[in-house]
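These are the residues of each chain, in order.
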Amino acid sequence: MFYREVGQFKTNYTADSQVFPILQDKLAIIAMLVIAFVLVPAFGGEFFLKSIMIPFLIFTLATIGLNILVGYTGQLSLGTGAFMGVGAYSCYKLTTIFPDVNIIIMVLLSGFFSAGIGILFGLPSLRIKGFYLAVSTLAAQFFLEWCFIRIEWLYNYNDSGAIDSLPRTAFGYAVSGGAANHVAQYFVVLSIVVVMTWIASNIIRGRIGRSWMMIRDMDIAAELMGVRPLYAKLSAFAVSSFYCGVAGALMVFFWLGSAEVESFDINHSFLFLFMAIIGGLGSLIGCYMGAAFIWILPIIIRALPEALGLDVNAATVEHINFMMIGGMIIFFLIVEPHGLARLWQIAKEKLRTWPFPYS
Amino acid sequence: MDILYNILIDPFVQMGSAPDFFLQVLWSGFVAGTLYSLIALGFVLIFKASGVFNFAQGIMVVFAALTLVGLYQAGVPAWGALILTIGAMYVLAWLVERIVLRNLVNQEEIILFMATIGLNYFLIGFGEYVFGGEPKPMIAAELGLPTGSTTFEPFGGIVIIEHLDVAAVIMAIVLVTALAIFFNKTRIGRALRAVADDHQAALSVGISLNQIWVIVWFAAGIVALATGIMWGAKSDVSFALQIVALKALPVLIIGGFTSIPGAIIGGLVIGFGEKLFEIYWGGLLGSGVEGWFAYVIALIFLLFRPQGLFGEKIIERI
């Protein structure tokens, strides 16, 4: 009744090709932005911002990166963690070499390094696909992990082998390092994620994105229609790794504060794959939903026994958490293999005609 | 020139000057290769019959070994524990078929793959919940596995061969032979091959897919148990094993996803290659190359033979 396109006429092509053609969608997105930019920092405490919102946004960004590759281009990748690592380590190096430059510029620049490495390890995709490609991205994962440990130059020869978030400023505010303000950090992360989501949605709608989807749906047909697989696949690897790299840099400098190679290991790669699949392959809103589901659900599970007054030790909760996630993944795949985004779409379809069965 | 000398000549000089050590390295590569083959075998069994890329094979190894050790620690005699564990693997296979596979029939490969990752997580949580996360010693002696070692003295040096390793190799050979006979000579084995060839054709001649899947997952469970026993006896039984199990992926690439002999040869290639490279060339790059070397071999293989050594040739343009 409230959510419908009746009466919203489009009189030119620009209006017809908008991202959100329906007024209600526009209002909803504005409301979401207001909540994210005003209400959350105003009323959310430090725990909420630092432990829930910031990691959620960073994971969303990495999931968008992965989804571009897996969901839109159809190239299965298990190396997300390592590509994030490339971003994180290059950001660390850049900001130690140029300490006075705005950290946000460094974060974005480090994405380019990650994109370069992504192209390099994307080369096998020109000859292989499917699980074979997955194994070749595993090679990237393990090789890069090894580099992060063995190449001491990457972490400035310090003894711990970890990279620390150095105190850096952006526009006069301390945003990283020990003295950083969590609200400022939140704003930086949120802005980057929102802007990059917007860019992603436009890339996907544009020529490049459509060539990715053609490759995904049927590579031979795409090639016959003039899509060059070389450019399409490698550009997907580049853009995807760029997003992952920026997410990795954000993760170290705006969330963890200090990171070792464990923060970029294979388990993280799987985590992002879960987020992409649970959220819905080939959907940007799905990335948000998947990241929220996988990141926030365990927090709720951990907090639940205490809230209910049960005395369960932490290890048991952790095990139950694992079982729950595993079970949920299987459950979701059975019930809705296209993820939360599909559920959301079905809900919207229902809303259009509600409360009447037909319209 | 120094670098070229270090890469091309020096390792061979080392091999020649200490042949006993070279033999020792080869032997350890052989044993590691056998274990990789065993894990890969589990993957291949399931992939052949159901087209599912079973990511949970690694955790099945850990789970089987943990069940065995856990039952023994709970007071069940060793052989009883072994039989009960085999029973547990059957129940697991049945549950997987019933709850996961049956509901996901006809889904895309990636969905099934993700489902096995979900299974992987579930089994990690379940295993740790029931048996605890700390590493446990494998009950090798209680199961009648030999523990001593024999020292040979070829070329005036010494080569130590652990009896356990010999047992592992013999067990692998027995297992593979048994599976080969099972696949080629029995009624169920023929049904399995039929399913592997074509699901629909197999269905139409009256083979029950569900039953076949249970059998295949059960066979993979038995292979996992054998792998778990041998690997657990070499190091302890812990969840770290599942990362090692990922090494089975490059093994599969080299051997081909659908070939049992391929899994064995691929395992040996990776085992030998990894150990030799680590010992003789690893020093040039700093140690720890074992972690990624297998994947890089696989990557190089992919560029020249994407279907693996023995895989079915898929004529496909990419």
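Reference entry: report on the structure contained in this document. (Residues numbered from 1 in each chain as written. Chains lettered and ligands numbered in written order. Predicted model: local features only at pLDDT ≥ 70, side-chain atom pairs only at ≥ 80, totals over all residues.)

Turning our attention to the overall build of chain B. A count of helical and extended segments in chain B gives 13 helices and two strands. A compact globule built from 318 residues should have a C-alpha radius of gyration of about 20 Å, and chain B, at 21 Å, falls within 12% of that. Dimensions of chain B, computed from the C-alpha atoms along their principal axes, are close to 65 × 60 × 35 Å. Residues classed as buried in chain B amount to 46% of the 318 residues present. A sequence separation of at least 24 residues applies to 75% of the contacts in chain B between residues at least 6 apart. (Helix = DSSP H or I, 4+ residues; strand = E, 2+ residues; numbered from the N terminus. Rg over C-alpha atoms; globule rule 2.2 N^0.38 Å. Buried ≥ 20, exposed ≤ 12 C-beta atoms within 10 Å, placed from the backbone. Contact = placed C-beta atoms within 7 Å.)

Attention now moves to the overall build of chain A. The number of helices and strands found in chain A is 14 helices and four strands. Relative to the 2.2 N^0.38 estimate, which gives 21 Å for 359 residues, the radius of gyration of chain A is 21 Å and therefore close to what a compact globule would have. Expressed along its principal axes, the backbone C-alpha trace of chain A runs to roughly 70 × 60 × 45 Å. In chain A, 73% of the contacts between residues at least 6 apart in sequence involve partners at least 24 apart.

On to helix H6 (residues 163-185) of chain B. All names here are of chain B. Across its 23 residues, H6 extends 32 Å between first and last C-alpha, which sits within 8% of the 33 Å expected from 1.5 Å per residue. Of the residues making up H6, those classed as buried are Asp-165, Ala-168 and Ala-172. Summarising the contacts, the buried residues of H6 are in contact with helix H2 (19-50), strand E2 (159-162) and helix H9 (209-234). (Expected span 1.5 Å × (residues − 1).)

One finds Ile-58, Leu-61, Ala-88, Tyr-243 and Leu-250 of chain A together with Val-216 and Ala-298 of chain B to be the most contacted residues of the largest nonpolar core, which totals 206 residues. Sequence-distant contacts of Ala-88 of chain A, that is, excluding residues within four places in its chain, are made with Ile-163, Gly-248, Ala-249, Met-251, Val-252, Ala-259 and Phe-264 of chain A. (Core = buried A, V, L, I, M, F, W, Y, C linked by C-beta atoms within 7 Å.)

Right, let's get into the packing of helix H12 (residues 284-308) of chain A against helix H13 (residues 314-335) of chain A. All names here are of chain A. Put simply, H12 and H13 touch, their axes get as near as 10 Å, and they point 140° apart. On the basis of the axis angle, H12 is oblique to H13. In this structure, H12 meets H13 at a crossing whose hand is right-handed. Every residue of H13 that contacts H12 at Pro-298, Ile-301, Arg-302 and Pro-305 is listed here: Val-317, Ile-320, Asn-321, Met-324 and Ile-325. Taken together, the residues of the contact of H12 with H13 break down into seven nonpolar, one polar and one charged. (Axes fitted to C-alpha atoms, helices over the stretch in contact; angles between N-to-C directions. Parallel < 35°, antiparallel > 145°, perpendicular 65-115°, else oblique. Left-handed = near helix turned anticlockwise from the far one by under 90°. Nonpolar A, V, L, I, M, F, W, Y, C, P; charged D, E, K, R; others polar.)

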